[in-house]
Amino acid sequence: MSVKPKKTKLEKHHIEDFIGRSYMSLCVLLLIVIIVSMVYFVASKGLANFFSGRVSLSEFFGGTKWAPDADTPSYGALPFISGSFLVTLLAALIASPLSICAALFMTEIVPSWGKKLLQPVIELLSGIPSVVYGFVGLSVIVPFLRDTFPGQGIGVAAGALVLSVMILPTITSVAADALAALPQNLKESSFALGATRWQTISRVILPTTFPAIMTGVVLGMARAFGEALAVQMVIGNAPFVPKSLFESASTLTSVITLGMGNTTMGSTHNNALWSMALVLMLMTFLFVLVVRMLERRNKI
Amino acid sequence: MQFKKKSWIMALALTSVVALSACGNNGGNNAATNNAGNNTAANNTQNSSAELSGSILASGSTALQPLVEQVAERFMETNTGVDIQVQGGGSGTGLTQVAEKQVDIGNSDVFAEEKLKDDDAEKAASLVDHQVAVVAIAAVSHPDAGVDSLTKQQLVDIFTGKIKNWSEVGGADQAIQIINRPASSGTRATFESFALGTKTEDMQGSIQEDSSGTVKKMIGETPGAIGYLALSYLDDSVKTLNYDGVEPSVDNVISGDYPVWAYQHMYTNGEPTGALKAFLDYFLTDEVQTTDVVELGYIPASQMQVSRDVEGNVTTK
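Conventions adopted
- Residues numbered from 1 in each chain as written.
- Chains lettered and ligands numbered in written order.
- Predicted model: local features only at pLDDT ≥ 70, side-chain atom pairs only at ≥ 80, totals over all residues.
- Heavy atoms only, no water.
- Core = buried A, V, L, I, M, F, W, Y, C linked by side-chain atoms within 4.5 Å.
- Buried < 20%, exposed > 50% of the residue type's maximum accessible area, 1.4 Å probe, protein only.
- Axes fitted to C-alpha atoms, helices over the stretch in contact; angles between N-to-C directions.
- Helix = DSSP H or I, 4+ residues; strand = E, 2+ residues; numbered from the N terminus.
- Parallel < 35°, antiparallel > 145°, perpendicular 65-115°, else oblique.
- Left-handed = near helix turned anticlockwise from the far one by under 90°.
- Contact = heavy atoms within 4.5 Å.
- Nonpolar A, V, L, I, M, F, W, Y, C, P; charged D, E, K, R; others polar.
- Polar contact = N/O pair within 3.5 Å; in protein donor to acceptor, adjacent residues only side chain to side chain.
- Phe/Tyr/Trp six-rings, centres within 6.5 Å; stacked < 30°, edge-to-face > 60°.
- Patch = residues over 30% accessible without salt bridge, like charges linked within 9 Å, V, L, I, M, F, W, Y side chains within 5 Å.
- Areas by Shrake-Rupley, 256 points an atom, 1.4 Å probe, with all protein chains shown as cover.
- Salt bridge = Lys/Arg side-chain N within 4 Å of Asp/Glu carboxyl O.
- Buried area = accessible area lost by both parts, 1.4 Å probe.

Draft legend 1. Representation of the nonpolar core within the structure. Membership of the largest hydrophobic core comes to 71 residues, with the highest contact counts inside it found for F191, I226 and F279 of chain B. A224, L273 and V279 of chain A together with M218 of chain B belong to the second largest nonpolar core, which has 66 residues in total.

Draft legend 2. Highlighting the packing of helix α3 (residues 78-109) of chain A against helix α8 (residues 197-226) of chain A. All names here are of chain A. As a packed pair, α3 and α8 sit with axes 9 Å apart at the nearest point and diverge in direction by 140°. Relative to α8, the element α3 lies oblique. Crossing hand, α3 versus α8: right-handed. Counting all contacts with α3, which are made through S84, F85, T88, L89, A92, S96, I100, L104, E108 and I109, the residues of α8 involved are R197, I201, I205, L206, I213, V217, M221, A224 and F225. Of the residues that constitute the contact of α3 with α8, the class distribution is 14 nonpolar, three polar and two charged.

Draft legend 3. Expanded view of the side chain of N237 of chain A. Locating N237 of chain A in the fold gives a position in the loop between α9 (229-235) and α10 (252-260). Relative accessible area serves as the criterion here: at 2%, N237 of chain A is assigned to the buried category. Polar contacts involving the side chain of N237 of chain A include one to the main-chain carbonyl oxygen of Q232 of chain A, which spans 3.2 Å. If we skip the residues at most four places from it in the chain, N237 of chain A touches Q232, S248, A249, S250, S254 and L258 of chain A together with Q208 and E209 of chain B.

Draft legend 4. Focus on the packing of aromatic side chains. All names here are of chain B. Enumeration over the complete set of coordinates arrives at 18 aromatic pairs over all chains. Seen from their ring centres, F159 and Y228 are 5.9 Å apart, and the 50° between their planes marks the pair as tilted. You can see F159 sitting in helix α6 (residues 152-159) and its partner Y228 sitting in strand β8 (residues 225-230), a full 69 residues away along the chain. In this structure F159 comes out as buried when scored by relative accessible area, which is 2%. Pairwise contacts between aromatic rings join F75, F279, Y282 and F283 into one cluster.

Draft legend 5. Just the side chain of T263 of chain A, in detail. Among the secondary structure elements, T263 of chain A is positioned in the loop between α10 and α11 (268-299). In this structure the side chain of T263 of chain A is engaged in a polar contact, spanning 3.2 Å, whose partner is the backbone oxygen of M260 of chain A. A polar contact is formed between the side chain of T263 of chain A and the side chain of N270 of chain A, at a distance of 2.9 Å. Sequence-distant contacts of T263 of chain A, that is, excluding residues within four places in its chain, are made with H269, N270 and L273 of chain A together with G92, T93 and S184 of chain B.

Draft legend 6. Representation of the environment of R296 of chain A. When you line up the elements, R296 of chain A lands in helix α11. Judged by its relative accessible area of 59%, R296 of chain A falls in the exposed class.

Draft legend 7. Representation of a nonpolar patch on the surface within the structure. On the surface, V131, V132, V136, V140 and L229 of chain A cluster together to form a nonpolar patch covering roughly 370 Å² of accessible area. At four residues, helix α5 (residues 130-148) of chain A tops the list of elements feeding residues into the nonpolar patch.

Draft legend 8. Examining the interface of chain A and chain B more closely. Listed by partner, the interface residues are 40 residues for chain A and 41 residues for chain B. Buried area between chain A and chain B, summed over both chains or domains, comes out near 3200 Å², and the portion from carbon and sulfur atoms is 58%. Among the residues of chain A in contact with chain B, Q152, N262 and T264 of chain A are the three that bury the most area, contributing 18% of the side total. Across the contact surface, chain A and chain B share two salt bridges. Between K65 of chain A and E201 of chain B there is a salt bridge, and its shortest N-O distance comes to 3.4 Å. On inspection of chain A and its partner chain B, the count reaches 13 residue pairs in polar contact (both at pLDDT 80 or more).

Below, the structure is given as structure tokens:
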């Protein structure tokens, strides 16, 4: 665009520009280095067992028996993988309707004071540390489930309930943003055609914002999948595929936090935990990918 | 556009190469810094007659961490030139790090030989064991279970799932709920070796918690619960069970009558020197053993009338 003179003095703004650009490039470079080295580190540890042949892929992903300290150790991670998926899906099922209703309430039903009231509450929810959620789960939800349902209260149901409260703010804020960004004329034309508010919400607003709301749900699921402490406190941590929702089970994160410190680096047990970390990481990538796809759909 | 895309790919490729080489160098860097650390420690030895100085880094067992921290505080009060840092991370982490010379002391609640097995066995050979305290573990139940004492065989049957109801061992008609520790836990290893005498497999539906506080809370609240806790955690919220008729008390542990106990180990890589040696010696003085160690619920290792080796053979001192 600009015509460059043949001989230029380095003026001040050129130097500033150069420094600014180098600084930013450096930051971006650092970010990429961190991500690449993390992936490399987790992958090299997580794949070690498979390369050395100590654990086969089919045993790891298909085995239901986790007994790393037994005389003939077995490293079946299926109980943890299924446990993670189970609590995540259940939490999303419980939290999504609640969050979408809260978002609709904030933006459509009573935009005047609904947002003022609910926004701080939701921000507060997302700011509570997970150990507090875990402790509340252990002190309130677990005794409640123990008295109401058969079993010990601890289990997948307790984990999913705690997680659903934790991902509520994520889904609500994303959904509320999506609803607020909806062009006003869509709603107005719907009203002009004589549609009631409920008809407008259910036939116009929700279908058009569906991909954006799903983005929130997937982001919430990503958080639920990676949450460790709160789930570990209430799920019971038995390394089995649970037979009921009120039976002790495990997730990938809970078995990693329980076992990582007690095992020595480089041992088969430790490497198997890294393999699970790799599974967690790949799942996070998948969640991000789904969010990107939804966002692309949303734009069209 | 074409050019932009290409430059991005180049940048990515470049950074990944940098990242990989950085990872490769890690080991070397660590070794270098550690050597430096060791050198300072060694240099300090010469001055030790006058005044100790240097820095000591300990990591490992979270169960042992509070004790080491408290003793370190006291040691640093009198030896102002010494700086001692104590980190947690778990026994496995402590042993790995001390074997790789990343730390000076590796705290562990099991023998190093039990954690560093198979390929890592030679790592354990260079480690020197310092047994600083003893922790005893008692079987505990929910207060309403209605049982005062269990035999070894009854405990084995309970933890392997053969006995499922308290009424089978003379208690209330109440299903037994096991509150266990994760398979890699040192507390569980101790309980299985010395109370059960056998390894147990996890059972479907058993609950596993890592922290003693949570285990106590769960046993106190869950009807029919059974588990095990270190003596320092026992109180009225749970019922302490006698083992083969022997009460799990400090006196019974010291005399060797109550068998369910384990040493708390502080491992060094090679014989300690200088400030490190002074600190570990200080740990075993009566001053520490009869105050801090007892205060935090441990049993002084120096008072034990029996000793035990890696294989679990007990000999009277």
